[in-house]
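Structural features, examined
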Amino acid sequence: MNVTERRIGLEQEFFLVDEEGVISDRADEFLQGCHLMAEAQGCNPGYFVPEFVKCMVEINTPPAYTGTELAKEYLNNLKLAIAVGRQMGLRLYPLSSYPLHIMPVMRDKPNYHIQARTVGYERFLHAGKCTGTHLHLEVPPGVIDPRVAVAYNSTAAAREELLNIYNLATALDSALISLVRACPFYEGVAIGLASHTIRYRGSQTFGWEGVYTHLQPVGGLMPYADCVESLVEQQFYRYYAWLEAIDKAGVERHKFWEAGGSLLRSAWNPVRLNRLGTVEIRCIDSNYPSVILAVISLLEKAAHRVRREQLTVRPVKGLHIFEWSSDRLLVPDFEYLNGDLLYAAATEGVKHPQVKAYVDSILQFAIADGGEGAKYLTKLRNELDNYQTIEAEILQEFTPAIAQLSVEEGLRIVRECCDKLEAQVAWLDSEHPLATLDTEVTLSNFTCS
């Protein structure tokens, strides 16, 4: 198995704002400008795409063979988008929620209306008030079949790699939530929780009202798969849960299929199989490039080590951290991962001792793979006791805590975040971005302070 042939890809969502920081619905005009500039520069315009609301855009990268290559593509596309925005009096706001109240305008497309009718329009609008970053880990070609989830004619080695990457991505969920928490304000209120996780994923167990609170098979974290057969069963279980939900909402099933719905397109889970041939990780807040580059490095190294050492990834009951041997990576069991650990990650984050120990073990596992970005991850691990998320850095400005964010303060935060995004894109070396993380490892370079 040649692990160097596996690629990694990225999608990041951004809010579009004007120069005052006010939310803007000019996404179509902005994207047209990006397409024209991309074509003029000989770049692919297809990496600048609309989202389901008109105040949000998505910037993607082509699949890359290394984290450094991916980071270069990501920064180059950000530079282009920022330049287009400047010409139009528009800016990209990079954090996971807009800090003030907004009423997003949904695009008039059948697939969005079906989703909104099924979960409820008001509940579905939470998805238009949160932005995320999606990382794609490629699996062996042809092993994912959009019709049946896992191809019948795939090799045993390909299926085993898929299973281990899927379980690894699942095991990383709470660590990624903890490390990349971005904006503390949601609808003008500091809710003290990871707002993107709360308002998008939701949870009946913890009373989190989000898009998929009552449809966890469709939008919550799904359990580990102990074999390929259980992974396939999981996909069909989710698919039929979604079909039952649209039935209850009075949506005719043929409309879902006519709008492009299918087995794999009924999944909005934090970890899902993607028809592109990847395991897609969707639990990451939108954040500054420095944070995203660190996540790229972490995921690339963890996945590369699992593949290179052909580790079998399996959960163990009672285990709260990553532990590994010559042929196995043991991870926390699902009941703990999606229960106490998720709750701690979404409330206290890395300040919680169990979350800290779990994150520390993951960083230790990834660091051993070496390469560009490893020194930064080592520095991050050594400073976990004092680690502050972007969310925490912003909150430091408001001591004592405020109950309601004023419009003036909210717009100031938005403008400052746009400034920091543009400064980071200019500062990071697009030729060797992960090496830049290694040589400039002071965490204060990357925070909001």
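Structure: above.
Residues numbered from 1 in each chain as written. Predicted model: local features only at pLDDT ≥ 70, side-chain atom pairs only at ≥ 80, totals over all residues. Heavy atoms only, no water.

For Glu 244, the location among the structural elements is in helix H9 (residues 228-248). Expressed as a C-alpha distance, the spacing of Glu 244 and Val 218, which sit 26 residues apart in the sequence, is 11 Å. (Helix = DSSP H or I, 4+ residues; strand = E, 2+ residues; numbered from the N terminus.)

Right, let's talk about the pairing of strand E1 (residues 8-18) for a bit. The buried count for E1 comes to 10 of 11 residues, which makes it a mostly enclosed element. Relative to strand E3 (residues 56-60), E1 is paired through five bridges, and the arrangement is antiparallel. Considered in E3, the bridge of Glu 11 is made with Asn 60. Inspection of the sheet shows E1 paired to strand E4 (residues 90-93) by four bridges, in the antiparallel sense. Looking across to E4, one finds that Phe 15 is bridged to Tyr 93. (Buried < 20%, exposed > 50% of the residue type's maximum accessible area, 1.4 Å probe, protein only. Pairing = 2+ DSSP bridges.)

What follows concerns the side chain of Thr 170. Tracing the backbone shows Thr 170 in helix H5 (residues 156-171). For Thr 170, a relative accessible area of 0% gives the class buried. In this view, Thr 170 contacts Leu 221, Met 222, Tyr 224, Val 271 and Leu 337; residues no more than four positions away in its chain are not counted. (Contact = heavy atoms within 4.5 Å.)

Here we take up the sheet that holds strand E12 (residues 312-316). What the three strands build is an open sheet, ordered E12-E14-E13; its pairing is mixed. Two strands in the sheet have a free side with no partner beyond their single neighbour: E12 and strand E13 (323-324). Here H5 sits on the sheet and contacts E12 and strand E14 (328-332); the angle it forms with E12, its principal contact strand, is near 45 degrees. (Axes fitted to C-alpha atoms, helices over the stretch in contact; angles between N-to-C directions.)

As a further point, take helix H2 (residues 67-88). Three or four residues apart is the spacing at which side chains of an α-helix point the same way, because the helix has 3.6 residues per turn. An ideal rise of 1.5 Å per residue puts 32 Å on 22 residues; H2 measures up with 32 Å between its terminal C-alpha atoms. Downstream of H2 by a residue or two, Gly 89 has a phi angle that is positive, lying close to 70 degrees. (Expected span 1.5 Å × (residues − 1).)

We now examine the environment of Arg 201. Locating Arg 201 in the fold gives a position in helix H7 (residues 195-201). Arg 201 sits in the buried class, given a relative accessible area of 4%. Sequence spacing of Arg 201 and Tyr 212 is 11 residues, and the spatial spacing of their C-alpha atoms is 5.3 Å.

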